[in-house]
Amino acid sequence: MNILVINCGSSSLKYQLINSESEEVLAKGLCERIGLEGSLITHQAAGKEKVKIETPMQNHTLAIKQVISALTDAEHGVIASLDEIGAVGHRVVHGGEKFSTSVIIDDEVMKAIEECNDLAPLHNPANLIGINSCREIMPNVPMVAVFDTAFHQTMPKKAYLYGLPYEYYEKYKVRRYGFHGTSHDYVSARAAELLGKKREDLKIIVCHLGNGASVSAVDHGKCIDTSMGLTPLEGLIMGTRSGDIDPAICDFICQKENITPAQMNNILNKKSGVYGMTGISSDFRDIENAAYAGDEKAIAALDAFHYKVAKYIGAYAAAMNGVDAIAFTAGVGENNKVGRSEIANYLGYLGTSMDEEKNNVRGEDRIISKDGSKVAMLCVPTNEELAIARQTLALL
Ligand code: ADP
């Protein structure tokens, strides 16, 4: 069966068509500037050149129509007609406390996703629009929602409750949810596979280090803690997000700079992280280049980033009373051997040491710690689209 995987943002839409038997990506692409001037679809069929087509896409329904026409195009297409799409898997960012697994989408599920809009106002409404558009165009094709938060729903109360008046949890569901769940699930399962063991027998720490970054503790197959919180702002220092700070800083800066809490929130999400710390870029490659050239702020930002990851690893080793494997994934985690090595330098006390030769790897599944290392370290490229396709198939 061919499964169309959709990741819909407010003005963009990423897609992949995956054959569920071979797990081959038949085609993938991106619609950009939906609803804006100069909208554009970039489409690539497996083994063929990328094509960019500028075409008006006033809304997401028109964008999906463009995706279907690219997929069925005589020249760039990979299927003859819509009938060859057996199911659609949708990435949905927030499932609140309602969804602890993926689900087949029906009207009730749509309503429940909508009820989580408050918790992810930038993401969930866009995800819903994408689902509605697909349902309109493919009314008879089964659709599945795969939530970023679902994998973390196994966290115990002690991990998800904040030290706040309990009424905020009761009234507004203010608690830790965690994100990147599809990636933490996929990578921890793959790490166990690479080690030739069952995930249910292992204590695994997953470091998803991309533009957005989070760490999770996967204890015998279940997530018991993760660094992102009510929103994806908490935890590690990220590309543009601050991660953990003293909450009193918000009021302090608001008063000093005469700005509103909403403006402060924008600064914490979009103008902080390594970007804010250096004034250079949110891209870790740029920060690394600046650090090599001796830029002191870039050196300090990278040091702070690595240190914070190592602190979370220490915390989660304590939370699980031990750790068997530490897996690095996402843009920085998969590609940056120096970053992995810097983090590993903090971890000798766990009985692990990096094999620098094995660590010389980019975007490949590999054990990167020394043979006989008490705790294994691994590089595991994440593949959220494949994970969504697998979960879609499993539900059908
Ligand atoms: P997201 O999905 O959150 O946007 P990604 O997982 O794609 O993020 O990661 C993007 C980050 O990965 C960027 O900061 C980029 O600099 C970093 N990255 C990608 N490739 C490399 C590389 N070869 N070396 C170092 N960093 C890299």
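Residues numbered from 1 in each chain as written. Predicted model: local features only at pLDDT ≥ 70, side-chain atom pairs only at ≥ 80, totals over all residues. Heavy atoms only, no water.

Asks: Can you tell me about the overall build of the chain, naming the residues and giving the values?
Replies: When helices and strands are tallied, the chain shows 14 helices and 14 strands. Computed over C-alpha atoms, the radius of gyration of the chain comes to 21 Å, within 12% of the 21 Å expected from 2.2 N^0.38 for 396 residues, which places it in the range of a compact globule. Judged by the C-alpha coordinates and their principal axes, the chain covers about 55 × 55 × 45 Å. Within the span of the chain, comprising 396 residues, buried residues form 51% of the whole. Considering only contacts within the chain whose residues lie at least 6 apart along the sequence, 60% involve residues at least 24 apart. By element, 49% of the accessible surface of the chain is carried by carbon and sulfur atoms, the whole surface being about 18,400 Å². Across the chain, the centroid of the 39 positively charged side chains sits 4 Å from that of the 50 negatively charged ones. (Helix = DSSP H or I, 4+ residues; strand = E, 2+ residues; numbered from the N terminus. Rg over C-alpha atoms; globule rule 2.2 N^0.38 Å. Buried < 20%, exposed > 50% of the residue type's maximum accessible area, 1.4 Å probe, protein only. Contact = heavy atoms within 4.5 Å. Areas by Shrake-Rupley, 256 points an atom, 1.4 Å probe, with all protein chains shown as cover. Lys, Arg positive; Asp, Glu negative; His and termini not counted. Charge placed at Lys NZ, Arg CZ, Asp CG, Glu CD.)

Asks: Describe in detail helix α1 (residues 60–72), supporting the description with residues and values.
Replies: Under the 1.5 Å per step criterion, the end-to-end length of α1 is 18 Å for 13 residues, consistent within 8% with the ideal 18 Å. All of the buried residues in α1 are H60, T61, A63, I64, V67, I68, A70 and L71. Structurally, α1 contributes buried residues whose contacts are with β1 (2–8), β2 (13–19), β3 (25–32), β4 (40–45) and α3 (124–137). Two or three places before T61, at the opening of α1, N59 has a side-chain oxygen 3.1 Å from that residue's backbone nitrogen. (Expected span 1.5 Å × (residues − 1). Polar contact = N/O pair within 3.5 Å; in protein donor to acceptor, adjacent residues only side chain to side chain.)

Asks: Lay out the packing of aromatic side chains in plain terms, naming residues and giving numbers.
Replies: Within this structure, the stated rule accounts for 7 aromatic pairs. Aromatic pair F284 and F305: ring centres 4.7 Å apart, planes at 50°, arrangement tilted. With F284 in helix α10 (residues 284–292) and F305 in helix α11 (residues 296–319), this residue pair connects regions lying 21 residues apart in the sequence. Accessibility assignment for this pair places F284 and F305 in one class, buried. Each member of the aromatic cluster is reached from another via a ring pair, and the members are Y160, Y166 and Y169. Lying across the ring of Y160, R175 places its NZ or CZ 3.6 Å from the centre. (Phe/Tyr/Trp six-rings, centres within 6.5 Å; stacked < 30°, edge-to-face > 60°. Lys NZ or Arg CZ within 6 Å of the ring centre and 35° of its normal.)

Asks: For the site of the ligand, give the residues involved together with the corresponding values.
Replies: If you check the shell around the ligand, you find 13 residues, and the closest are N211, G212, D283, F284 and G331. Here an oxygen atom of the ligand and a backbone polar atom of N211 are 3.1 Å apart. For the ligand, an oxygen atom lies 2.3 Å from a polar atom in the side chain of D283. Contact with the protein chains covers 71% of the free accessible surface of the ligand, which is 570 Å². Going through the elements one at a time, α10 and α12 (330–335) are the ones with two or more residues in the shell around the ligand. Of the residues forming the shell around the ligand, the biggest block, 4 residues, is contributed by α12. Tallied by class, the residues present in the shell around the ligand amount to 3 nonpolar, 7 polar and 3 charged. (Near = heavy atom within 4 Å. Nonpolar A, V, L, I, M, F, W, Y, C, P; charged D, E, K, R; others polar.)

Asks: How would you sum up the packing of α10 against α11? Please name residues and give values.
Replies: At a minimum axis separation of 8 Å, α10 and α11 run at an interaxial angle of 125°. Classed by the angle they form, the pair α10 and α11 counts as oblique. Between α10 and α11 lies a crossing whose hand is left-handed. Residue-level contacts link F284, I287, E288, A290 and A291 of α10 to A298, I299, L302 and F305 of α11. For the contact of α10 with α11, a count of residues per class yields 8 nonpolar, no polar and 1 charged. (Axes fitted to C-alpha atoms, helices over the stretch in contact; angles between N-to-C directions. Parallel < 35°, antiparallel > 145°, perpendicular 65-115°, else oblique. Left-handed = near helix turned anticlockwise from the far one by under 90°.)

Asks: Run through the sheet that holds strand β11 (residues 222–226), naming residues and quoting values.
Replies: Here 6 strands make up an open sheet; going across it, the order is β11-β10-β9-β12-β14-β13 and the pairing mixed. Single-partner strands in this sheet number two, and they are β11 and β13 (366–367). The pairing of strand β9 (residues 203–209) with strand β10 (residues 213–219) spans 7 bridges and is antiparallel. Looking at β10, one finds that V206 is bridged to S216. Contacts from helix α6 (residues 181–194) reach β9, β10, β11, β12 (325–329), β13 and β14 (376–379) within the one sheet, and its direction differs from that of β9 by about 125°. (Pairing = 2+ DSSP bridges.)

Asks: How would you explain the environment of K270 if you had to name every residue and give the values?
Replies: As for its position among the elements, K270 is in helix α8 (residues 261–270). For K270, the contacting residues outside a window of four places in its chain are T240 and Y275.

Spatial relationships are all this shows, so hold off on functional conclusions.
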